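Structural description and commentary
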Amino acid sequence: MRSCRLSKFPISRLRRFRQKFCGISRSASRSRSGRLLLLIITVAILSIAAEFRATAQDSSSTPLQRVDIDPPERRARSRDARPAPGSSYEDPSAYDQPSSDTTSSASQSGFGTGAGLPFSSLITDKSAISMRSASLPTQVQTVTRQEIERFPVRTLGDLFRTVPGVRAYSQGRGDVGETMQIRGNSGGHGLDTAIYVDGVPQNFSSSSGIGNGGADVAWLTPEMIDRIEVIKGPFSALYGNHAQAAVINIITRNSDPSPSLVVSGGSFGAFRAVPVISSDYWMPTPFLVNEYQTIDGYRDNNFYKRFSSFNKVTVPVWDGYLSARFNYYRSDWGSPGYPLWKQVKKGLVDRRSAVNSDEGGNERRWAAVLNYAPAQSAGGLYFTSYVEAYKRDHSFTSVPSLQETTYPYDTLLYGGRIFYNFMFGNFASLALGMEGRYDNAVSQSFLVKNRQRTKTVSDHDQKISDTALFAQAEIKPVDQVKIVGGVRKDLFDFNVQNIVKPANSGRASPHTFNPKIGIVLTPIKNINIFGNKGIGFRSPAVSDMSPTSGNKRFDLDVAKTESWDLGFNATFLDSIYIAFDWYQTDMEKEVRMISNQPFNVGNSQRNGFEVEARYYPSDVMNLFANYAWVDAKVKNPATTGQDLVTGVAKYVIKGGMEFTFSLAQDIKLLGSFYVEYIGDQPFYFGTSTVPQYPPAYVVYPIKVACEGRHWSTFLSARYQPQEFSSNRIGTAQDSAGVYDFTFTPEPMWDLTSGLKYTF
């Protein structure tokens, strides 16, 4: 573990790496990218022409056909489909939700099922006794496998394109974690949101450079994911540390119908290849995904190169399914930094230039995971165990000083969770379990000049354990009423060695007890009214307990978040879905990332609401829109009058449409169009109490796919019309000490085209 302290930050190797693998000139790279796009489009046209010719005799006079989808009522009747093998850890009973094993020419080609347009929130039966996340007494949105295949995806944040109130976007600096802003909570890098993949937590406590609890799921690819559950608020006892704003529960696939290969290319030298080896008919059932991706980037020093290998095998064991997986990931990137907004607007700085051409980073990680869950019932034993090694180096350059700081982080973690769910017919259930996690980590930061470390800013050896007991119960006293309650007790142990200031080394054992209670009323079929109150929490940060200056504070307690909800969701006329949710959240010791450093801004409160609607005008089309509003304020601001939580958008608006048409026998056209609008993000300049607002941000993602029996081709585009707007906004001072916004310049157009062949 300590060996990383003696090594030099390998930023020079990143430069040589780029010269070796991407050493051609930018113009030559773009020319190569253009030729690749032209080749892909040409092959796609020839493939479509050949398919039309092969089916001409049967379809030459066939008119445009309608392809049925499953609106809410028909979807509910399809829930007796056979369960998927190796169902998820938290949600094993696939019999009571849409099956992920539906096969058709569309699903085989990987761009959605022709038998059903995707949807995110049309599961409304919260009254059932079930382990499904959607049955919790809070707003839960599920991004389905079919939706994932429809989205134009460049980063994982694009997978949340339709979820109300969720802003997920890249920091523009490689794999330093997606920012997840949910219900106005955005500590940066997902600090306030607990993220799990197959029951394995993805938040890293006291990680250098991305804050206490920063999450990193960059290793995932869309091909690996079966569905994503977004559980708003801290209302499930199964999830612990950092489950404050929400929980994001990601469930990976267990299989594909047959092997496949995806190849795509795009703007700015982008290239991606993904072979998948899998079959539903093989036993044990393998699911092997290997991704290779590289891109030169829109800006200077914006290159990105990655390799991800996901290897999963599922077998039937006893009355359930056992899944074992091993994944390996490596990435290298350059980081162009964040220029000052006014300097770019005035033409003093080229929007595509890098703040520091030496800035960048790399990441290496591997994990082994074992999951077990019942096959046919929500009752029974659930088990997960894991071990993971994670190492990341990345740097950040401050403006205008151009002082570069590097943040090495190296950890080995392991843990597991086990619980048993007792079912009492359709009347009640009781889940009892325990969870444990142990991190052995080295977290450091150094000042850097001319690629050499000049000063050690912080250096901690940390051993952190979290042991938890939890219980969650459901009871239905009458058919129209369900009561859900849960409790969770977490005990932490911190053993910290401060290398820079040994006197601030020490040990602490904070603990917390968190109850949750909720109710669901179902007065008539397809209408749910729910309310709840719950407590989430965040463990104290090592940097707060053992600072490099001042006195140690190992008496710090766990920071709690108290939240309550009141809302409903419903379906009408077999074609309309509506959901509404009002919430209030009180957070202790809120942490915000300012100039890449975590700062405690004090206690805060959020009041907000979300409304969502989806309409199916026909069996081949659906339209959706949602609106999220939040008022986020600091209760005890450090500067009187600066009571707005900075960087939290007042409102987020999303909308779009999706369609599926049959062009000929075994040939379908699928399309999707989305829009996202971010408005009113307040910031304060210095000690001024007058909030400043950057330009609003709007983006239009588009994707069109044509698919045949064993092939498919797609074209996706991302249009961002505002030249001086950005999803990622910060503040800094210029050389004269005047405050300004910093931002990540984006291209107006970003295009991707690709082919997929299923064997």
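Starting afresh in each chain, residues are numbered from 1 along the sequence in its written order. With pLDDT at 70 or above as the cut-off, local features in this predicted model cover only qualifying residues; side-chain atom pairs require 80 or more to be listed or tallied, and sums for whole chains, interfaces and linings still use all residues. Side-chain calculation: all heavy atoms of the structure are included, whereas hydrogens and water are not.

Moving on, we come to the overall build of the protein. Counting from the N terminus, the helices are DSSP H or I runs at least four residues long and the strands are E runs at least two residues long. Regarding its fold elements, the protein presents nine helices and 35 strands. Buried residues are those whose accessible area, probed at 1.4 Å on protein chains only, stays under 20% of the maximum for their type, while exposed residues exceed 50% and partly exposed ones sit between those limits. Looking at the protein as a whole, 61% of its 759 residues are labelled buried. Only heavy atoms enter the contact rule, under which two residues are in contact if any of them lie within 4.5 Å. Look at the contacts in the protein between residues 6 or more apart in sequence, and 67% of them connect residues 24 or more apart. Values of accessible area rely on a 1.4 Å probe in the Shrake-Rupley scheme; residue burial ignores everything except the protein chains shown. Put simply, the protein shows about 27900 Å² of open surface, and 59% of that area lies on carbon and sulfur atoms.

Both faces of the sheet carry side chains from a regular strand, because those side chains alternate between them. In short, DSSP must find at least two bridges between two strands for them to pair. Relative to strand β32 (residues 711-719), strand β31 (residues 697-707) is paired through eight bridges, and the arrangement is antiparallel. Paired with Cys706 across the two strands is Thr713, which belongs to β32. Linkage of β31 to β32, two consecutive antiparallel strands, is achieved through a turn of three residues. Examined bridge by bridge, β32 and strand β35 (residues 749-758) share nine bridges and lie antiparallel to one another. Bridge pairing links Ser712 to Lys756 in β35.

What follows deals with the sheet that holds strand β4 (residues 193-197). The five strands lie next to each other as β1-β8-β9-β4-β5, forming an open sheet whose pairing is mixed. In this open sheet, the two strands that pair with only one neighbour each are β1 (140-143) and β5 (200-201). As defined by bridge partners, β4 adjoins β5 across two bridges and the pair is classed as antiparallel. Note that in β5 the partner of Tyr196 across the bridge is Pro201.

Here we take up the pairing of strand β9 (residues 246-252). In terms of residue burial, β9 counts as a mostly covered element, since seven of its seven residues are buried. Sheet analysis places β4 next to β9, joined by five bridges and oriented parallel. Note that in β9 the partner of Tyr196 across the bridge is Asn249. The pairing of strand β8 (residues 225-232) with β9 spans seven bridges and is antiparallel.

Right, let's get into the packing of aromatic side chains. Ring geometry is summarised as follows: Phe, Tyr and Trp rings, the Trp one being its six-membered ring, pair when their centres sit within 6.5 Å, and such pairs are stacked at plane angles under 30 degrees, edge-to-face over 60 and tilted between the two. Applying the stated rule across the entire model yields 34 aromatic pairs. Centre to centre, the rings of Trp582 and Phe609 are 6.2 Å apart; their planes meet at 10°, and the pair counts as stacked. With Trp582 in strand β26 (residues 576-594) and Phe609 in strand β27 (residues 597-618), the pair connects residues that are 27 residues apart, well separated along the chain. Ring-pair connections join several aromatic residues into one group, and the members of that group are Phe568, Phe580, Trp582, Phe609, Tyr627, Trp629, Tyr651 and Tyr677. Here, a charge over a ring is recorded when the distance from Lys NZ or Arg CZ to the ring centre is within 6 Å and its angle to the ring normal is within 35 degrees. Over the aromatic face of Phe530 sits the side chain of Lys126, whose NZ or CZ is 5.4 Å from the ring centroid. The ring of Phe446 has Arg453 sitting right over it, with the charged end atom 4.0 Å from the ring centre.

This part takes up the environment of Ile678. Mapped onto the fold, Ile678 is located in strand β30 (residues 667-679). In this structure Ile678 comes out as buried when scored by relative accessible area, which is 1%. For the pair formed by Ile678 and Ala649, sequence separation is 29 residues and the distance between their alpha carbons is 6.5 Å. If near-sequence neighbours (up to four positions away) are discounted, Ile678 is found in contact with Arg167, Ala649, Tyr651, Val652, Ala696, Tyr697 and Asn727.

By secondary structure assignment, the location of Lys312 is in strand β13 (residues 304-317). Buried Lys312, no salt bridge; nearest opposite-charge side chain is Asp198, N-O distance 4.0 Å. A 3.5 Å cut-off defines polar contacts: any pair of N or O atoms within that distance qualifies, except that in protein one atom must be a possible hydrogen donor and the other a possible acceptor, and neighbouring residues in sequence count only when both atoms are side-chain atoms. A polar contact of 2.8 Å, which involves the side chain of Lys312, links it to the side chain of Thr252. Leave out the neighbours within four places in its chain, and Lys312 touches Asp198, Thr252, Arg253, Asn254, Thr285, Pro286, Phe287, Leu288, Ser323, Ala324 and Arg325. Working convention for charge: Lys and Arg count positive, Asp and Glu count negative, and His plus the chain ends are omitted. A pair is scored as a salt bridge if a Lys or Arg side-chain nitrogen falls within 4 Å of a carboxyl oxygen belonging to Asp or Glu.

Let us now look at unusual backbone geometry. Residue Pro284 is bonded to the preceding Met283 through a cis peptide linkage, with omega at 0°. Inspection of the secondary structure assignment puts Pro284 in the loop between β11 (270-278) and β12 (285-295). With omega at 5°, the peptide bond leading from Val399 into Pro400 counts as cis. Along the chain, Pro400 turns up in the loop between β16 (380-397) and β17 (404-406). Phi is positive for Leu402, which is not a glycine, with a value near 60°. Tracing the sequence through the fold places Leu402 in the loop between β16 and β17. One non-glycine residue, Asp680, lies in the positive phi region at around 60°. Along the chain, Asp680 turns up in the loop between β30 and β31. Classification of Asp680 by relative accessible area gives partly exposed; the value is 38%.

Tracing the sequence through the fold places Val601 in strand β27. Through-space distance from the C-alpha of Val601 to that of Thr639 is 9.9 Å; in sequence the pair is 38 residues apart.

Now for the pattern of salt bridges. A full pass over the atoms with the stated rule returns 33 salt bridges. One salt bridge in this structure joins Glu147 and Arg614, with 3.9 Å as the shortest N-O distance. One end of the pair, Glu147, is in helix α7 (residues 145-150); the other, Arg614, is in strand β27, and 467 residues separate them in sequence. Here Glu147 falls in the buried class, since its relative accessible area comes to 0%. The partner of Arg161 in a salt bridge is Asp158, and the shortest N-O contact between them spans 2.4 Å. Asp158 sits in the buried class, given a relative accessible area of 8%. Via salt bridges that share partners, Arg145, Glu149, Asp226, Arg227, Glu229, Arg253 and Asp256 belong to a single interconnected network.

Further remarks concern the confidence of the model for the protein. Each residue carries a pLDDT score, the predictor's own confidence in it, on a scale running from 0 to 100. Across the protein, the average pLDDT comes to 83, with 81% of residues at 70 or higher. In the model, residues 1-33 has pLDDT below 50 throughout and makes 80 contacts with residues more than four positions away in sequence or in other chains. Note that residues 35-121 has pLDDT below 50 and, in this model, 220 contacts with residues that lie over four places away or in other chains.

The term nonpolar core refers to a set of buried residues drawn from Ala, Val, Leu, Ile, Met, Phe, Trp, Tyr and Cys, joined through side-chain atoms within 4.5 Å. Within the largest apolar cluster, 41 residues are counted, with the highest numbers of intra-cluster contacts made by Phe160, Leu220 and Ile228. For Leu220, the contacting residues outside a window of four places in its chain are Leu156, Val197, Ile225, Ile250, Thr252 and Arg306. One finds Val140, Ile231, Ala243 and Phe470 within the second-largest nonpolar core, a separate group that totals 17 residues.

Before going further, it helps to examine the environment of Asp350. Examined against the element boundaries, Asp350 turns out to sit in the loop between α8 (341-345) and β15 (360-374). Considering only alpha carbons, one finds Asp350 and Arg299, 51 residues apart in sequence, at a separation of 9.5 Å. Polar contacts involving the side chain of Asp350 include one to the main-chain amide nitrogen of Arg352, which spans 3.0 Å.

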